[in-house]
Amino acid sequence: MSTQHDAHVLIIGGGGTGGALAHDLSLRGLRVTLVERGELTSGTTGRHHGMLHSGARYSVGDHESAVECIEENMILRRICPGSLELNDGLFIAVEDEDLEYLEPLLEGCEASGIPAQQLTPRQALALEPNLNPQLKAAVRIPDGSMDAMRLALRFFATAQHNGAHIRPFTEVEGLLVHDHLVSGAVVRDHATGTEDEIRADLVVNATGPWSEKIAAMAGVDVPIRPSPGVLLALRGRLCNMVINRMHKSGDGDIILPQRALSVVGTSSWVVEDPDDLPVPADHVARMYSEGAKLIPAVAHSEQRAAWSAARPLVGSRGEADSGRELSRTFKTFDHKETDGLEGFVTITGGKGTTLRGMAELCSDVVCRKLDIDEPCRTRDTVLLDHAAYYAAAA
Amino acid sequence: MAVTDQTQIQEHTTRTCHLRVYRSSAGNGDGHFDEFDVPVDGCETLLDALRWIQLNRDHSLSLRHSCLHASCGTCGMRVNGREELACVCKLAEHGDEIRVEPLANLPTRTDLVADMGPLYDHFPDPHPIIRVSEVLPAARRPDGHEAYVRLEDCLECGLCVSACPIGAPATGFVGPAALAAAGRLLEEPRGAERDDVLSWIGRAEGVWQCTTCNACVQACPAGIEPLSAIIDMRRILVEQGDLDPLLQHTLQNVAMQGNSYGKSARTRARWTKGLDFTIPDARTEPVDYLWFVGDYASFDERVQRESRRLATILHDAGVSFGLLFEGEHSAGNDVRRVGEEGLFEMLVEHNLSVLREAQFQAIFTTDPHSLNTLRNEYPAYGLDKPVYHYTELLVDLVSRGIVSLSAPLTGTRVTYHDPCYLARYNQITDAPRALIAATGAELVEMPRHGANTFCCGAGGGRIWMDDSGPGERPSEQRIREAQTLDAIDYFVVSCPKDLAMYTAAAQTVGDVSFEVVELTALLERALSDRSRSAAAAPA
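About the criteria used
Residues numbered from 1 in each chain as written. Chains lettered and ligands numbered in written order. Predicted model: local features only at pLDDT ≥ 70, side-chain atom pairs only at ≥ 80, totals over all residues. Helix = DSSP H or I, 4+ residues; strand = E, 2+ residues; numbered from the N terminus. Contact = placed C-beta atoms within 7 Å. Rg over C-alpha atoms; globule rule 2.2 N^0.38 Å. Buried ≥ 20, exposed ≤ 12 C-beta atoms within 10 Å, placed from the backbone. Core = buried A, V, L, I, M, F, W, Y, C linked by C-beta atoms within 7 Å. Pairing = 2+ DSSP bridges. Axes fitted to C-alpha atoms, helices over the stretch in contact; angles between N-to-C directions. Nonpolar A, V, L, I, M, F, W, Y, C, P; charged D, E, K, R; others polar. pLDDT = per-residue confidence, 0-100. Parallel < 35°, antiparallel > 145°, perpendicular 65-115°, else oblique. Left-handed = near helix turned anticlockwise from the far one by under 90°. Right-handed = clockwise from strand over helix to strand, strands pointing away. Arc of directions from axis to C-beta.

Participant: Describe in detail the overall build of chain A, supporting the description with residues and values.
Facilitator: When you go through chain A residue by residue, the secondary structure sums to 10 helices and 20 strands. Referenced to the eigenvectors of the C-alpha coordinate spread, the extents of chain A come out at roughly 65 × 40 × 40 Å. Relative to all contacts within chain A whose residues are 6 or more apart in sequence, the contacts with residues 24 or more apart total 74%.

Participant: Residues and numbers for the overall build of chain B, please.
Facilitator: Each helix and strand counted, chain B has 20 helices and 17 strands in total. The C-alpha radius of gyration of chain B comes to 26 Å, within 12% of the 24 Å expected for a compact globule of 539 residues. Overall, the C-alpha framework of chain B stretches about 70 × 70 × 50 Å when taken along its three principal axes. Taking all 539 residues of chain B together, the buried fraction comes to 50%.

Participant: Outline the nonpolar core, listing residues and values.
Facilitator: Residues Val9, Ile92 and Val204 of chain A together with Leu522 of chain B are the most contacted members of the largest nonpolar core, which totals 279 residues. By residue number, the principal contributor to this core is helix α5 (residues 148–161) of chain A, which donates 9 residues. The contact partners of Ile92 of chain A, leaving out residues within four places of it in the chain, are Ala124, Leu131, Leu135, Ala138, Ile243, Arg245, Met246 and Leu294 of chain A.

Participant: Describe the sheet that holds strand β13 (residues 202–205) of chain A, and please don't skip the residues or the numbers.
Facilitator: Paired through their backbone hydrogen bonds, the strands of a sheet run either parallel or antiparallel. Residues and elements named next belong to chain A. Taken together, the 6 strands give an open sheet; going across it, the order is β9-β2-β1-β13-β20-β19, and neighbouring strands pair in mixed fashion. The open sheet terminates on both sides in strands that have one partner only, identified here as β9 (165–167) and β19 (330–334). Between one strand axis and the next, the sheet turns through 15 degrees on average, direction left out of account. Here 5 bridges tie strand β1 (residues 8–12) to strand β2 (residues 31–35), and the two strands are oriented parallel to one another. The residue bridging Ile12 from the neighbouring strand is Val35, located in β2. In this fold helix α1 (residues 16–27) packs onto β1, β2, β9, β13 and β20 (344–349), with an angle of close to 165 degrees to the strand it touches most, β2.

Participant: How would you explain helix α14 (residues 368–376) of chain B if you had to name every residue and give the values?
Facilitator: Residue and element names in this part refer to chain B. Counted residue by residue, α14 has 8 buried out of 9 residues, so it is predominantly covered. Within α14 the residues assigned to the buried category are Pro368, His369, Ser370, Leu371, Asn372, Thr373, Leu374 and Arg375. The inward-facing, buried residues of α14 contact β10 (289–292), α12 (333–337), β12 (362–365), β13 (387–389) and α16 (420–426).

Participant: Help me get a handle on the environment of Cys239 of chain A, residues and values and all.
Facilitator: All names here are of chain A. Relative to the helices and strands, Cys239 resides in the loop between β14 (224–235) and β15 (242–245). Accessibility expressed as a C-beta count within 10 Å gives 25 for Cys239, which makes it buried. In sequence terms Cys239 and Pro257 are 18 residues apart; their C-alpha atoms lie 5.9 Å from each other. Look past the residues within four positions of Cys239 in its chain and what remains in contact with it is Glu128, Asn130, Ile255, Pro257, Ser262 and Ile295.

Participant: Got a sec to walk through unusual backbone geometry? Specific residues and values, please.
Facilitator: Across the junction of Gly265 of chain A and Thr266 of chain A, the peptide omega takes the value -5 degrees, indicating a cis bond. Tracing the chain through its elements places Thr266 of chain A in the loop between β17 (261–265) and α7 (281–294). Following Asp125 of chain B, the chain continues to Pro126 of chain B via a peptide bond in cis, the omega torsion being 0 degrees. One non-glycine residue, Glu156 of chain B, lies in the positive phi region at around 55 degrees. Summarising the element assignment, Glu156 of chain B is placed in the loop between β9 (149–151) and α4 (159–163). A tally of 24 C-beta atoms within 10 Å means that Glu156 of chain B is categorised as buried.

Participant: Quick one: what's the story with the sheet that holds strand β2 (residues 32–39) of chain B, residue by residue and with numbers?
Facilitator: Residue and element names in this part refer to chain B. The 5 strands are arranged β2-β1-β5-β3-β4 in an open sheet whose pairing can be described as mixed. Strands with a single pairing partner mark the edges of an open sheet, and in this sheet they are β2 and β4 (82–85). On average, each strand axis in the sheet is inclined to that of its neighbour by 35 degrees, with strand direction left out of account. Where strand β1 (residues 16–23) and strand β5 (residues 97–101) come together, 4 bridges link them in parallel fashion. Its bridge partner being in β5, His18 is matched across the sheet by Glu97. Most of the contacts of helix α2 (residues 46–56) go to β2, to which it runs at about 100 degrees, and overall it touches β1, β2, β3 (76–79) and β5.

Participant: So what's going on with the environment of Lys336 of chain A? Which residues, and what values?
Facilitator: Residue and element names in this part refer to chain A. With respect to the element layout, Lys336 can be found in helix α8 (residues 335–339). Taking the C-beta count within 10 Å as the criterion, Lys336 has 15 such neighbours and is therefore assigned partly exposed. For the pair Lys336 and Ile70, spaced 266 residues apart in the sequence, the C-alpha separation amounts to 32 Å. What Lys336 contacts, discounting residues up to four positions off in sequence, is Leu341 and Glu342.

Participant: Before we move on, can you summarise the interface of chain B and chain A with the specific residues and values?
Facilitator: Between chain B and chain A, the contact holds 45 residues from the first and 42 residues from the second. Broken down by secondary-structure element, the contributors of at least two residues to the side of chain B that touches chain A are β6 (108–110), α3 (117–121) and β9 of chain B. Tallied by class, the residues present in the side of chain B that touches chain A amount to 25 nonpolar, 14 polar and 6 charged.

Participant: I'd like a rundown of the confidence of the model for chain B, residues and numbers included.
Facilitator: All names here are of chain B. Averaged over every residue, the pLDDT of chain B is 91; the share at 70 or more is 93%. In this model, residues 1–11 is a region of pLDDT below 50 whose contacts with residues beyond four sequence positions or in other chains number 0 contacts. For the stretch residues 531–539, pLDDT sits under 50, and the model shows 13 contacts to residues farther than four places along the chain or on other chains. Scored by ipTM, the complex comes to 0.95, with pTM at 0.93.

Participant: I'd like to hear about the packing of helix α15 (residues 390–399) of chain B against helix α17 (residues 430–439) of chain B, residue by residue, with values.
Facilitator: Residues and elements named next belong to chain B. The geometry of α15 relative to α17 is characterised by a closest axis approach of 8 Å and an angle of 45 degrees between their N-to-C directions. Classified by the interaxial angle, the pair formed by α15 and α17 is oblique. With respect to the hand of their crossing, α15 and α17 are arranged in left-handed fashion. Taken together, the residues of α17 that come into contact with α15 (itself represented by Thr391, Glu392, Leu394, Val395 and Val398) are Ala431, Pro432, Ala434, Leu435 and Ala438. When grouped by side-chain class, the residues that make up the contact of α15 with α17 number 8 nonpolar, 1 polar and 1 charged.

Participant: So, the pairing of strand β17 (residues 515–518) of chain B: which residues are in play, and what are the values?
Facilitator: Residue and element names in this part refer to chain B. Pairing analysis gives 4 bridges linking strand β16 (residues 490–493) to β17, with the strands arranged parallel. In the strand pairing of β17, Val492 is matched with Val517. For the crossover that starts at β16, traverses helix α19 (residues 496–509) and ends in the parallel β17, the hand is right-handed.

Participant: Outline the pairing of strand β12 (residues 194–199) of chain A, listing residues and values.
Facilitator: As defined by bridge partners, strand β11 (residues 181–189) of chain A adjoins β12 of chain A across 6 bridges and the pair is classed as antiparallel. Residue Asp189 of chain A lies in a different strand from β12 of chain A, and its bridge partner there is Thr194 of chain A.

Participant: Outline the environment of Leu499 of chain B, supporting the account with residue identities and numerical values.
Facilitator: Residues and elements named next belong to chain B. In this structure, Leu499 sits in helix α19. By C-beta crowding, Leu499 is classed as buried, having 24 other C-beta atoms within 10 Å. If sequence neighbours within four positions are ignored, Leu499 has contacts with Arg302, Val303, Glu306, Val493, Val516 and Glu518.

Participant: Could you give an account of the packing of α1 of chain A against helix α9 (residues 355–369) of chain A, naming the residues involved and the relevant values?
Facilitator: Residue and element names in this part refer to chain A. Where α1 meets α9, the axes come as close as 8 Å, and the angle between the chain directions of the two elements is 55 degrees. Taken as axis vectors, α1 and α9 run oblique relative to one another. Crossing hand, α1 versus α9: right-handed. Taking contact as the criterion, the partners of Gly16, Thr17, Ala20, Leu21, His23, Asp24 and Leu25 in α1 are, on α9, Leu355, Arg356, Met358, Ala359, Glu360, Cys362, Ser363 and Val366.

Participant: Please give an account of helix α3 (residues 102–112) of chain A that cites residues and values.
Facilitator: Residue and element names in this part refer to chain A. Listed as buried for α3 are Leu105, Gly108, Cys109 and Ser112. The arc enclosing the buried residues of α3, seen along the axis, measures out at 100 degrees, which places them on a common side. Of the exposed residues in α3, the ones pointing more than 90 degrees away from its buried face are Glu103 and Glu110. The elements touched by buried residues of α3 are α2 (63–79), β5 (89–93) and β7 (137–141). A positive backbone phi angle near 75 degrees is found at Gly113, which sits one or two residues after α3.

Right, here's the structure in full:
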């Protein structure tokens, strides 16, 4: 453990990013309070595909994200043993034009340091008998599945164990802003119905697609586009590995096993309000039709649920319409630099797989701003079991 | 046309669902219900409706949710008294009036938010959530992998604990979720010591508390069957001779005399002595129906009266029925559920050999537990005759006018308790209600009824074990539930064990304004011109 510092950081947002940040800052010895308006992971985190990315999905065209993914993938295997389904993944070509993606994929993986192994269709079918028997090529990469909610919860459990004050059901009603300085927040505790002020030396906005709304409370803007995607959960486990379509990222081109379900995802568009996410019927139909190209049994599988999750993509209005063009990387905004506002940082973008890495970089910014010289210790700290969160909270 | 279309659209968009939602603030005993009308359009699931309330009506409503597809187990709650995950709870399946409450048997933090801490207090240690995958057997393992792995099916949602009649914290029972996890550890230890797991499940708070009511199996959103794990673990303990002395004594009785009372097998049909007619011996005389009476209806003095009552009704109706007399042994349903598989098979073998001697078309039984094993388990051993509960037989006789209920019990208000082994295991809920309706009495349902009934606490061999543990007995909770109903005359049961359990529970609870009666007693009162009463006959 590091020395204790008096500096108090208030994190807004109880998703994976906020949890990883609370964990990182607690390990560095800072005092941390985290507030979340609902239950932890009730925003984007719990709803995402649950994919532990190898980075291969981004290796053609988004080198930065691909490298982040494979690095963090290997770190999560170390620090979250027991929370991941590590059965690897396959990219499969099911149409002739998919084969055009084979060489760029292999090259992209090599350039990003992602171990990739080309398999014959027969080898791929031996591993995953439910695959489209017409598949023309396959590449095996170290993808995996995660429990999106419980993996994040392990960060909260460990942060709490190290002294962080985790407050779910506590909503920010306003930020304390005076003289170009953010010094805390006014929060309402929904469990008790009471309102109080939390003073902090620094406030971090880790609210993902809600970042714009929180930033607006401080009178600043962040270029975040809430970009929802539809996911479809089917009854039955159709595969053990993560099955990807071998082509440029598109709709319904990933099937992931999750407990006794198979999850097909996803689509992508851009909305204004992340609280109001429709589940368009045509998107659900597309998950069925596109998913069936990878695993034909998808077409006849019973729907358990269909839902939308909003990604927080970094990009300005007008820059992209579908969200597909936006990078999957993440970004820390020090509002001192962008808006002349002290005491306020926004961390956003990224994805479930890179939550720890995002937190590391953001914590570096936080520590630099608070003049604290402590190294990141999260790369090798094995996280507590998710149940420890509830045990301590009780 | 255009006008009609417009009207239809308006009706469609304004159709609402009325939600009564439990509210309370942390630490305050201020629990109450708030009411909301939610537009059904755009709200497919209960979670959609609750989030609509949060966004449009009351920002302070607190609930838990995360994955939205029944994979994380966060949004468990009680919907019209039944445990559900809100994210996959379809509004359309719940009518226009929906009552939403937090999970039971766990502390409520606020509103619909249950504190999940106590759930984990009971999980066995270690608590692995990754298991070796046994699915897709055709698949070859990838190079470098010993096996495919997968997350355990259990969502840790707490629905089974909420539904469990012994789940109240005061009982100390570790609960179905933890026992299912222990069962998985025995299958696939992953670092656990088998003996540690066995001594943990064998404690007083472990597998022996279970009444086998099946509520956990029905509540589970992930298809886990905690009950199967519990029975499998009981089998291991029984094989090791590691069981409650009282239970061991009962099992010895069953082995020696063929009944749990330890009474001489020859006295099994002594209850027929008070009748003024003779019931044929189906082993020597062909009959239409073979009455498999069961241990309680044969030996318990209070239930014997009910047996005589039913015998008289059937005799007077001219039904051809007979008994196996001393040839009948315990059917073995509960013997199997305490884990004594060997004794169960001996009982099946014995009963089937006697049944083979007898001539009959169908079996009926007074005991739902016997019904369950005879109907669902004996066929695997060779029984090929239909098996009915006596209420099913009587409904048929009443509907054909063979039994005439011409003295209606107008003005009488009754409630009816569904036995688990009828309602949960065999979906027999209509026949007893049809009979009650035929008597002319008014049926007032308890909040938990039909397939979502509440357990009496006697099943799964619990009636043979010490039940003086901490916490109020399920049967007493049930009597209190009936007390919340307005002006009930009778608490009607259709299971011999229930008559014993609830008569005792009503005495313990005290100040009970209704009487616990067998359904046959209610029927008898509605029969016309009855000059004699079996109950009044000398025993």
